[in-house]
Amino acid sequence: VQLQAFGGGLVQAGGSLRLSCAASGPTFRSYNMAWFRQAPGKEREYVAVIRYNGYTYYTESVKGRFTISRDNAKNTVDLRMNTLRPEDTAVYYCAADRNGILSTITLAATYDYWGQGTQVTVSS
């Protein structure tokens, strides 16, 4: 699976952005898809996951503000980000995993495939 992320940019606090990740391969629908982010000097952290069955999970700090969705017909996964905060500034990565169990889906090590990352900068 090859992943390519799009949609980052510069936005003011309170604004919105939509990130998209395009995946190659005929078995996209069987993958768990995730967005992670990494701020300077910090470890990569999980943001949101949408499993192959459509169930979604979010890290606490983005609940109610971010929405992850997937389109299996188009092989894409989106992350809609509203009410952005300066602390959301990071490089955002999409990731894919086929075999992860529920207890491991928030761990970066679970994911076998990664996109190249897209920068999101939120100004105060």
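All values reported here derive from a predicted model rather than from experimental measurement.

Reading the values: the criteria
- Residues numbered from 1 in each chain as written.
- Predicted model: local features only at pLDDT ≥ 70, side-chain atom pairs only at ≥ 80, totals over all residues.
- Heavy atoms only, no water.
- Pairing = 2+ DSSP bridges.
- Helix = DSSP H or I, 4+ residues; strand = E, 2+ residues; numbered from the N terminus.
- Axes fitted to C-alpha atoms, helices over the stretch in contact; angles between N-to-C directions.
- Core = buried A, V, L, I, M, F, W, Y, C linked by side-chain atoms within 4.5 Å.
- Buried < 20%, exposed > 50% of the residue type's maximum accessible area, 1.4 Å probe, protein only.
- Disulfide = S-S within 2.5 Å.
- Contact = heavy atoms within 4.5 Å.
- Polar contact = N/O pair within 3.5 Å; in protein donor to acceptor, adjacent residues only side chain to side chain.
- Salt bridge = Lys/Arg side-chain N within 4 Å of Asp/Glu carboxyl O.

### Overview of the sheet that holds strand S3 (residues 17–23)
Part 1 of the argument: An order of S1-S3-S8-S7 is seen for the 4 strands of this open sheet, with the pairing classed as antiparallel. Of all the strands in the sheet, just strand S1 (3–6) and strand S7 (66–71) have a single pairing partner and so form its edges. Between one strand axis and the next, the sheet turns through 15 degrees on average, direction left out of account.
Part 2 of the argument: Where S7 lies against strand S8 (residues 76–81), 6 bridges are found, and the strand directions are antiparallel. Looking across to S8, one finds that Thr67 is bridged to Arg80.

### So, the nonpolar core
Part 1 of the argument: Core analysis: the biggest nonpolar cluster contains 29 residues, and Trp35, Leu79, Met81 and Tyr92 have the highest contact counts within it.
Part 2 of the argument: Counting only elements with at least two residues in this core, the list comes to S1, S3, strand S4 (32–38), strand S5 (45–50), S7, S8, strand S9 (90–97) and strand S11 (118–123).
Part 3 of the argument: With 7 residues, the next largest nonpolar core counts Ala34, Tyr46, Val49 and Tyr111 among its residues.

### Looking at the state of the cysteines
Part 1 of the argument: All told, the structure shown has 1 disulfide when counted by the stated rule.
Part 2 of the argument: Between the sulfur atoms of Cys21 and its disulfide mate Cys94 the distance is 2.1 Å. In this structure, the disulfide formed by Cys21 and Cys94 twists by about 60 degrees around the S-S bond and is classed as right-handed. One end of the pair, Cys21, is in strand S3; the other, Cys94, is in strand S9, with 73 residues separating them in the sequence. Residues Cys21 and Cys94 agree in their burial class; the two are buried.

### Brief notes about the environment of Asn75
Part 1 of the argument: The residue Asn75 is located in the loop between S7 and S8 in this model.
Part 2 of the argument: Sequence-distant contacts of Asn75, that is, excluding residues within four places in its chain, are made with Cys21, Ala22, Ala23, Ser24, Gly25 and Phe28.
Part 3 of the argument: At 2.8 Å, the side chain of Asn75 and the backbone oxygen of Gly25 are in polar contact.

### Structural notes on the pattern of salt bridges
Part 1 of the argument: Counting across every chain of the model gives 5 salt bridges.
Part 2 of the argument: A salt bridge links Arg37 to Glu45, with the shortest nitrogen-to-oxygen separation between them at 2.6 Å.
Part 3 of the argument: Two residues, Asp88 and Arg65, come together in a salt bridge whose shortest N-O distance is 2.8 Å. On the criterion of sequence distance, the pair formed by Asp88 in the loop between S8 and S9 and Arg65 in the loop between strand S6 (56–58) and S7 is long-range, its members being 23 residues apart. Take Asp88 and Arg65: they sit in the same class, and that class is buried.

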